[in-house]
Amino acid sequence: RAESDATISVVARLTPSVVSIVIEEQYDNDPEFYTVGGGTGFFVSSDGLILTNKHVVDNAAAHYLVITSTDERYEATVLAKDVLLDLAVLKIEGAGYPAVTLGDSDTLQIGETVIAIGNSLAEFHNSVTKGIISGVDRTIVAGDFFSEHTEVLEQAIQTDAAINEGNSGGPLLNLAGEVIGINSAVSSDGQSLGFAIPVNAAKSVVGDVITYGRIIRPWLGV
């Protein structure tokens, strides 16, 4: 009962911080936008900065729409994409948004209860699933059926909480309501094999965008 109450409390507090991301495109000379996919993100600042996966917003020709838990809709600007991690930061206009608390992914334990909130199948907004941490420090190669692009996720968190298409970019939460991972990939070869980028790897990304308006990565060319 205590775990159930904690889960209900976390979901109630964090759902307003989670947004659905709708991907829209135009075809030829058609002036209308058509929905071609979707993902998830969450507020990391009260002035509208949203963290998500890079692969959710990787199409420079697409138009991105953010839908809040109260069904408010905003046009989003892609501020930054990380060259190393599958992470990106969006911005919507406004203020007073409920930013999440970032936890410490270095202290995670196998068997710890976690909660995922996301736009499952790009259709079911704010879907909630629960599971445990099944493994840490996993290295996987992530891709999709629609492109040849693949990306290596290192030190990934493995969870059996249901992660589906559309959950990408959403938060993986502990029972204290802290974000400990960013849901990024799922295995199509097995069952209950979801993977998340540890939040500690994303903290510098968020900090850079808040401070400098862009992601700063040292680069040595030889």
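Described below are features of the structure shown in this document. Only a predicted model underlies this, so the values are computations on that prediction, with no experimental measurement involved.

Backbone-to-backbone hydrogen bonds join strands into a sheet, with any given pair of strands oriented parallel or antiparallel. Spatially, seven strands are ordered β5-β4-β1-β2-β3-β7-β6 in an open sheet, and the strand pairing comes out antiparallel. At either end of the open sheet lies a strand with only one pairing partner, and these are β5 (73-75) and β6 (77-81). With strand direction ignored, the average angle separating the axes of adjacent strands in the sheet is 35°. Across three bridges, strand β4 (residues 63-67) lies against β5 in antiparallel orientation. Counterpart to Val66 in the pairing with β5 is Tyr74. In the packing of helix α2 (residues 199-212) onto the sheet, the strands contacted are β3 (49-52), β6 and β7 (88-91), and the crossing angle to β3 comes to about 150°.

On to α2. End to end, α2 covers 20 Å across 14 residues, agreeing with the expected 20 Å (1.5 Å per residue, within 8%). Listing the buried residues of α2 in full gives Val199, Ala202, Val205, Val206, Asp208 and Val209.

Okay, the packing of aromatic side chains next. Applying the stated rule across the entire model yields three aromatic pairs. Centre to centre, the rings of Phe43 and Tyr97 are 4.6 Å apart; their planes meet at 10°, and the pair counts as stacked. Here the residue Phe43 occupies a position in strand β2 (residues 34-43), and Tyr97 occupies one in the loop between β7 and β8 (101-102), the gap between them amounting to 54 residues. Judged by centre distance (6.0 Å) and plane angle (90°), the ring pair of Tyr74 and Tyr97 falls under edge-to-face. Within this pair, whereas Tyr74 is found in strand β5, its partner Tyr97 is found in the loop between β7 and β8, the two being separated by 23 residues in sequence. The structure contains a cluster of three or more aromatic residues connected by ring pairs, namely Phe43, Tyr74 and Tyr97.

About the thresholds
Residues numbered from 1 in each chain as written. Predicted model: local features only at pLDDT ≥ 70, side-chain atom pairs only at ≥ 80, totals over all residues. Heavy atoms only, no water. Pairing = 2+ DSSP bridges. Helix = DSSP H or I, 4+ residues; strand = E, 2+ residues; numbered from the N terminus. Axes fitted to C-alpha atoms, helices over the stretch in contact; angles between N-to-C directions. Contact = heavy atoms within 4.5 Å. Expected span 1.5 Å × (residues − 1). Buried < 20%, exposed > 50% of the residue type's maximum accessible area, 1.4 Å probe, protein only. Phe/Tyr/Trp six-rings, centres within 6.5 Å; stacked < 30°, edge-to-face > 60°.

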